[in-house]
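Topology and contacts: notes
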Amino acid sequence: MARERSWRAQKVIERLEQKVNRQVLLSLAACVHCGMCTEQCHYVLANPDDPTYAPAYKADKLRKLFKAHIDWTGRAFPWWVGARSVYTDEELEDLKDTVFGKCTNCRRCSFNCPMGVDMATFNRLARGLLVHVGIMPEGVATVAKDQWEIGNQMGVLKEDYLETVEWMEEELQDEFDDPNIKIPIDKKGAELVYTINPREAKYDPRTIAEAAAIFHFAGENWTMVSEGWDMTNFGLFNGDDELGGACARRVYDAARTIGAKRIVISECGHGYRSTRCEGPNWSKTDLPDIEMESSIITMLRYIKEGRIQVDKSKNSIPVTYHDSCNMARSCGMTEEPRELLRLVCSDFREMYPNRQQNFCCTGGGGAMSMAEYAPRRLKSAKIKAEQLRATGAKIVITSCHNCVDGLTDLIKHYQLDMEVKQLVDMVYNALVVPKPAPKVEVPVAVAPGEIPAKALAGYKVLVIDDEPDVRTYLRVIFKDKGAEVLEAPDANQGWRQIRDQKPDLVTLDLVMPHKTGEKLYWELRKDEKYKNLPIVIITGYGKTDKPTVRFHEFIAEKGIPEPNAFLEKPIDPDKVIETAIQVLGTRIPSDQIQ
Amino acid sequence: MSGTLIELPSVERKLGKTMVTLIKDDLTALPVDGFVFYAREDLALGSGYGNAIQQRGGAAVKKELDAIGSVGMGEAVITTAGAMKARYIIHACGPKFHEPDLEAKLRRTMRSALELADRHDLKTVAFPPMGYGFYGVPLDLCATVMLEEIAAVLEDRTTSLEKIIICVTDKREYDAWKDRVAQFFG
């Protein structure tokens, strides 16, 4: 009697028969199990005794199904070629664990396969088979549904997106004291449409402002758009070609409506690949009149054409570059980011191995959305952590938002003394632009609500906090009042900035990885040169904690003086500014000291 | 908020006293009596339109759903729409991910949503393409079932419904629906 099969298993088999193409068929048929792929996989390197992580083993899960239902050898000699069908939902769940939880589709194994087996392509296919019947990690479902129905993968509503862009425009106008700096939205006839990753709108709008400044100073006729602005594409990760086509079409339709000649894709590995390389196929769209390029190429062109000037001595901290899998292995973009880096950074150190042989950040393939696999992901990041540590760099630059999150997570996990940035951050920081001299006002103690607009003009404030959101928030608050703001994500980098940049005021978080704020405070206060440096402690504790008591006990024990002020989170912006003004008193701004 | 970048003309056909309209817009931002949310059996709002309902509508909708608890396959329940421009949300539980009896379940879901709207005397109600997209209902089946069930309900009874809106999210979906709506209603 034939074994009963669940409807999901039946649908998976039917779908497999529809989706197998020549590329997949060759990859499924060509593997000779030579094992060359094994040592290339970051999961294997972290789990050498577990064969279920080996690329060939993982590939066999789908290959057995292919042999059972499509390949003639499997129909003729199923026992000989290892053909095996699926019958139950449990077997599909097991397949899910492999194709979503044990592979980031990074393609490093493919690059080292003598038979040219493209693991990522059929791993994506297997994901698509499961998604077709509703079997996927919860996070994958969440993101895919947001992208289908809201139009971007983080569910950013239109009003929030537009408000963020407007906020960044105000920031730029304020920073450069120039009301003519604009972030245009839906500007018909613009030459260039700039598309972003929704992560930028939701968590890191700084990169939108930085790109806008670069477009502005390059004299570009550009715009952002109110729809079709998300160039990311979860269809690449979940194997749903129809979603892939829908996302790509939105971007193309928006650019066509503007009448743009070029779509510029901000730094995102899978977004670039999806929009520029795969999207036209998925969406069955021809775009003969619109070029698509990565913002890396755009920025490089501006510098080469002399449209923007940069000074690489502004980026003197040692940096290294992490090649995103989609950028390097899938799209061949390895030299352009390095050329750009060398133009805007004075101490670039290569990471080894690099380019197509680089190891995955471990956050690729949508892994950052799959919380259930986080411990596995972080364990597999050991090789990446070793690569990063060996460079001696303090900043790792990458051109991918998934990599930013993946690297940030592993840096915290493995306690590396470095932070993650993108090329746009470095180009922006190196920009040479004519800045009007700040109008310095002598700060005086003022009542709440009566703070002068540029009360901190000429002062340099260093924000030391491990939370990017807090740094961004404090930066905005201080910049609003005219201060130049520096940032450090931990105590060690804070120390360096204090030595190199000589800030007028430091805000210091207490709870940070590596070295606590208390320790840094103690070191500064016992240092003859910095013992009088104005320091405001800004820290967060639970209600049951006694932060003041604990910190005061610490400084009493060490015999060091009180900080200039002590503020607790959540941050009250008015209180922060009032405190800064009071602490700075009549101190002469650093930019007036000869 | 700035206007709409890609403006597409609505496609309108009158059936009896009711106007059936295809538009490209933001479903959860429409000023209608009610819109339909393609619900799960456990009534969890989740992401996508569910995310928009929570962000724009506030906590009220979820609170009402918690009190209701669950909804059977092919059935629909109604809640208020919190702080949204719409007054009500019809939570209609349809088939997902190519499950068996897809078409019959989808028809029952569509019928339940329309009848619930009628029972609550709603005059304008907006539908997403039911089950298309994330839940994988094929576009052809989705369009056929929706249009046939709308026609059947409007022919069967005197209804409060003055306007039934089919609201798609982008130009791609609009292009796919436009001719189907025009052809179906002639």
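The written sequence of each chain sets the order in which its residues are numbered from 1. For this description, chains carry letters from A and ligands carry numbers from 1, given in the order in which they are written. Only residues with pLDDT of 70 or above have their local features reported here, since the model is predicted, and side-chain atom pairs are shown and tallied only from 80 upward, although totals for entire chains, interfaces and linings are computed over all residues. Only heavy atoms go into the side-chain values, all of them from the structure, while hydrogens and water stay out.

**Comments concerning the environment of Thr 507 of chain A**
Residue and element names in this part refer to chain A. In this text, helices come from DSSP runs of H or I with a minimum length of four residues, and strands from runs of E with a minimum of two, each type numbered from the N-terminal end. Secondary-structure assignment places Thr 507 in strand β11 (residues 505-508). By relative accessible area, which is 3% here, Thr 507 ends up buried. Through-space distance from the C-alpha of Thr 507 to that of Ile 464 is 6.0 Å; in sequence the pair is 43 residues apart. Leave out the neighbours within four places in its chain, and Thr 507 touches Val 461, Leu 462, Val 463, Ile 464, Leu 474, Phe 478, Val 536 and Ile 538. Using a 1.4 Å probe on the protein chains alone, a residue whose accessible area is under 20% of its type maximum counts as buried, one over 50% counts as exposed, and one in between counts as partly exposed. Any two residues whose heavy atoms approach within 4.5 Å are treated as being in contact.

**Looking at the nonpolar core**
Across soluble globular proteins, you tend to see nonpolar side chains buried next to one another. Core analysis: the biggest nonpolar cluster contains 90 residues, and Leu 62 and Phe 100 of chain A together with Ile 90, Phe 127, Met 130 and Trp 177 of chain B have the highest contact counts within it. Here the element with the most residues in this core is helix α4 (residues 139-156) of chain B; it accounts for 10 residues. The split of the chain into domains comes from an automatic or database domain assignment. Lining this core are residues from two domains, each supplying at least three of them: domain 1 (7-136) and domain 2 (149-304) of chain A. The contact partners of Phe 127 of chain B, leaving out residues within four places of it in the chain, are Leu 27, Val 36, Met 110, Ala 113, Leu 114, Met 146, Ile 164, Ile 165, Ile 166 and Cys 167 of chain B. Nonpolar cores were defined as sets of buried Ala, Val, Leu, Ile, Met, Phe, Trp, Tyr and Cys residues, with membership established by side-chain atoms within 4.5 Å. Judged by nonpolar contacts, the second largest core, of 71 residues, contains Ile 181, Ala 211, Met 224 and Met 299 of chain A.

**A few points about the interface of chain A and chain B**
At the interface, 38 residues of chain A touch 30 residues of chain B. Joining two parts hides part of their accessible area as seen by a 1.4 Å probe, and the buried area is that hidden amount summed over both. Interface area for chain A against chain B, summed over the two sides, is near 2,800 Å², with a carbon-plus-sulfur share of 58%. When the area that chain A buries against chain B is broken down by residue, the three leading residues are Lys 145, Glu 149 and Glu 227 of chain A, summing to 22%. Just to be clear on terms, a salt bridge is a Lys or Arg side-chain nitrogen sitting within 4 Å of an Asp or Glu carboxyl oxygen. At the boundary of chain A with chain B, the tally comes to 5 salt bridges. Measuring nitrogen to oxygen at the nearest pair gives 2.9 Å for the salt bridge that ties Glu 159 of chain A to Arg 56 of chain B. A 3.5 Å cut-off defines polar contacts: any pair of N or O atoms within that distance qualifies, except that in protein one atom must be a possible hydrogen donor and the other a possible acceptor, and neighbouring residues in sequence count only when both atoms are side-chain atoms. Along the contact surface separating chain A from chain B lie 16 residue pairs in polar contact (both at pLDDT 80 or more). Residue assignment for the side of chain A that touches chain B shows that the elements contributing at least two residues are α1 (7-19), α9 (119-132), α10 (138-149), α11 (158-175) and α15 (241-258) of chain A. Looking at the side of chain A that touches chain B, the element that brings in the most residues is α15 of chain A, giving 9 residues. Here the side of chain A that touches chain B is composed, by residue class, of 16 nonpolar, 7 polar and 15 charged. Here the term charged refers only to Asp, Glu, Lys and Arg, the term nonpolar to Ala, Val, Leu, Ile, Met, Phe, Trp, Tyr, Cys and Pro, and the term polar to all other amino acids, Gly among them.

**Some words on the environment of Ile 89 of chain B**
Residues and elements named next belong to chain B. Note that Ile 89 resides in strand β5 (residues 88-93). With a relative accessible area of 0%, Ile 89 lands in the buried category. Sequence separation of Ile 89 and Thr 28 is 61 residues, and the distance between their C-alpha atoms is 9.3 Å. Leave out the neighbours within four places in its chain, and Ile 89 touches Phe 35, Phe 37, Ile 53, Val 61, Val 77, Ile 78, Thr 79, Thr 80, Ala 81 and Met 84.

**Re the pairing of strand β3 (residues 262-265) of chain A**
Residue and element names in this part refer to chain A. As paired strands, strand β1 (residues 192-195) and β3 are joined by 4 bridges and run parallel to one another. From the neighbouring strand, Val 193 faces β3, where its bridge partner is Ile 263. Two strands form a pair only when DSSP identifies at least two bridges running between them. Pairing of β3 with strand β4 (residues 291-294) involves 4 bridges; the strand directions are parallel. Its bridge partner being in β4, Ile 265 is matched across the sheet by Ser 294. In this region the chain leaves β3, passes through helix α16 (residues 269-283) and returns to the parallel neighbour β4; the handedness of that crossover is right-handed. Handedness is read with the strands pointing away from the viewer; a crossover is right-handed when the path from the first strand over the helix to the second is clockwise.

**Quick look at the domain arrangement of chain A**
Residues and elements named next belong to chain A. Looking at the assigned domains, one finds that chain A contains domain 1 (7-136), domain 2 (149-304), domain 3 (312-430) and domain 4 (460-592). Placing the centre of domain 3 and that of domain 4 at their C-alpha centroids yields a distance of 28 Å. Counting residues at the interface gives 7 residues for domain 3 and 9 residues for domain 4. In total, domain 3 and domain 4 occlude about 700 Å² of area from one another, counting both sides; carbon and sulfur atoms represent 40% of this. For the domain 3 face of the interface with domain 4, the top three residues by lost area are Lys 412, Asp 417 and Glu 419, together amounting to 55%. Linking domain 3 with domain 4 are 1 salt bridge. Considered class by class, the residues forming the side of domain 3 that touches domain 4 number 2 nonpolar, 1 polar and 4 charged.

**Some remarks on the sheet that holds strand β2 (residues 18-24) of chain B**
Residues and elements named next belong to chain B. Ordered in space as β1-β2-β7-β6-β3-β5-β4, the 7 strands form an open sheet in which the pairing is mixed. Where the open sheet ends on each side, the last strands, each with one partner, are β1 (11-15) and β4 (76-80). Neighbour-to-neighbour, the strand axes of this sheet turn through a mean angle of 25 degrees, independent of strand direction. Two strands pair when backbone bridges link them, and strand β6 (residues 124-127) and strand β7 (residues 163-168) are joined in this way by 4 bridges, in the parallel orientation. Its bridge partner lying in β7, Val 125 is registered against Ile 164. For helices, the fitted line uses only the C-alpha atoms of the stretch in contact; every axis is such a line through C-alpha atoms, and the angle between N-to-C directions lies from 0 to 180 degrees. Here helix α3 (residues 102-119) sits on the sheet in contact with β3 (34-39), β4, β5, β6 and β7, set at roughly 155 degrees to β5.

**Let's talk about the sheet that holds strand β2 (residues 222-223) of chain A**
All names here are of chain A. With parallel pairing, the 4 strands of this open sheet are ordered in space as β2-β1-β3-β4. The outermost strands of the open sheet, each flanked by one partner alone, are β2 and β4. Docked against the sheet, helix α17 (residues 295-304) engages β1, β3 and β4, running at close to 85 degrees with respect to β4.

**Points about helix α21 (residues 382-391) of chain A**
Residues of α21 of chain A that are buried include every one of Ile 383, Lys 384, Ala 385, Gln 387, Leu 388 and Thr 391 of chain A, and no others. Among the structural elements, α3 (42-46), β5 (319-322), β6 (348-349), α20 (374-380), β7 (395-398) and α22 (401-413) of chain A are those in contact with the buried residues of α21 of chain A.

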